[in-house]
Amino acid sequence: MSDKKIDPIRPTDDDARALAHGLIADARFAALAVIDPDTKAPTVTRIALVPGPDGVPLSLISTLSSHTQALDANPICSLLIGEPGPKGDPLTHPRLTLQAQAEIADKAALKDHYLHHYQKAQLYYDFGDFRLTRFAPLGGLLNGGFGKAFRLTAADIVA
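Residues numbered from 1 in each chain as written. Predicted model: local features only at pLDDT ≥ 70, side-chain atom pairs only at ≥ 80, totals over all residues. Heavy atoms only, no water.

Here we take up the pairing of strand β6 (residues 76–81). Pairing between strand β2 (residues 29–35) and β6: 3 bridges, direction antiparallel. Each residue of the ladder has a partner; that of L32, found in β6, is L79. As defined by bridge partners, β6 adjoins strand β7 (residues 95–104) across 6 bridges and the pair is classed as antiparallel. When the sheet's bridge partners are listed, I81 is paired in β7 with L96. (Pairing = 2+ DSSP bridges. Helix = DSSP H or I, 4+ residues; strand = E, 2+ residues; numbered from the N terminus.)

Next comes the structure, spelled out in structure tokens:
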């Protein structure tokens, strides 16, 4: 019996980077995890998501939401990007856990870009309580399916 641990994380390669970029490019929503400033407990919500011009995810979120208040208190967060397909085991479908720092983006400058990807946001994009948030990557964990785990750096994630 060996005491040597087997590392399930594969070396990051161009295929892993391409898969991560593709998941971000195709995403129109994600699960956002933040830390509640009052309870210090993690909380998760679903948000709309589009890739920014530089490939960094963007979301239009209301300043009235509890997750925006949590991001104001601590901008470090995590996004789960990627959804299972209609068939098969959900654990075989790729997904990316993106560790990020939330930053306020230029809502006016990125309006056309955002609405090109998420046309339904036209209904509320200009509401005063909505701001555009950019999720600057800090790192990530890519699961490409069973036996396909990768640890990504910020440089691996940014296109």
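Looking only at helix α2 (residues 66–73), the buried set comprises H67, T68, A70 and L71. One side of α2 carries all its buried residues, which in axial view fall inside an arc of 160°. In α2, the exposed residues that point more than 90 degrees away from the buried face are S66, D72 and A73. The inward-facing, buried residues of α2 abut β2, β3 (42–48), β5 (57–62), β6, β7 and β8 (130–143). (Buried < 20%, exposed > 50% of the residue type's maximum accessible area, 1.4 Å probe, protein only. Arc of directions from axis to C-beta. Contact = heavy atoms within 4.5 Å.)

Time to look at the packing of aromatic side chains. The way to describe two aromatic rings as a pair is by their centre distance and the angle between their planes. Here the structure, examined in full by the defined rule, presents 4 aromatic pairs. Both rings, one in Y114 and one in Y125, keep their centres 5.7 Å apart while their planes meet at 45°; by these two values the pair is tilted. Placement of Y114 in helix α3 (residues 111–117) and of Y125 in the loop between α3 and β8 is noted, with a sequence separation of 11 residues between them. Each of the two residues, Y114 as well as Y125, counts as buried. Ring geometry for F127 against F130: centres 6.3 Å apart, planes inclined by 55°, an arrangement best described as tilted. Judged by its relative accessible area of 44%, F127 is partly exposed. One aromatic cluster is present, built from ring pairs that chain together Y114, Y118 and Y125. It is K107 that lies over the ring of Y125; its NZ or CZ is 5.5 Å from the centre. (Phe/Tyr/Trp six-rings, centres within 6.5 Å; stacked < 30°, edge-to-face > 60°. Lys NZ or Arg CZ within 6 Å of the ring centre and 35° of its normal.)

Attention now goes to the nonpolar core. Counting 25 residues, the largest nonpolar core has L79, I81 and F135 as the members making the most contacts within it. The set of elements that each furnish at least two residues to this core consists of α1 (14–26), β2, α2, β6, β7, β8 and β9 (149–153). Those residues within four positions of L79 in sequence are excluded, and the remaining contacts are A30, A31, L32, I47, L49, P57, L96, T97, L98 and F135. (Core = buried A, V, L, I, M, F, W, Y, C linked by side-chain atoms within 4.5 Å.)

Moving on, we get to the environment of G22. Relative to the elements of secondary structure, G22 occurs in helix α1. Looking at G22, the relative accessible area reads 25%, which means it is partly exposed. Spatially, the C-alpha atom of G22 lies 9.6 Å from that of G55, the residues being 33 residues apart in sequence.

Burial of β2 is one-sided: the residues A30, L32 and V34 facing one way are buried, the residues F29, A31, A33 and I35 facing the other way are not. The sheet contact formed by β2 and β3 spans 7 bridges and is antiparallel. Among the inter-strand pairings, V34 is bridged to a residue of β3, identified as T43. Hairpin connection, β2 to β3: the antiparallel pair is bridged by 6 residues, and K40 has positive phi, about 65°.

Considering all chains together, one arrives at 7 salt bridges under this definition. Linking K111 and D126 is a salt bridge whose minimum nitrogen-to-oxygen distance equals 2.7 Å. Placement of the pair is K111 in helix α3 and D126 in the loop between α3 and β8, with a sequence separation of 15 residues. Given the relative accessible area of 21%, K111 is considered partly exposed. A relative accessible area of 53% places D126 in the exposed class. (Salt bridge = Lys/Arg side-chain N within 4 Å of Asp/Glu carboxyl O.)

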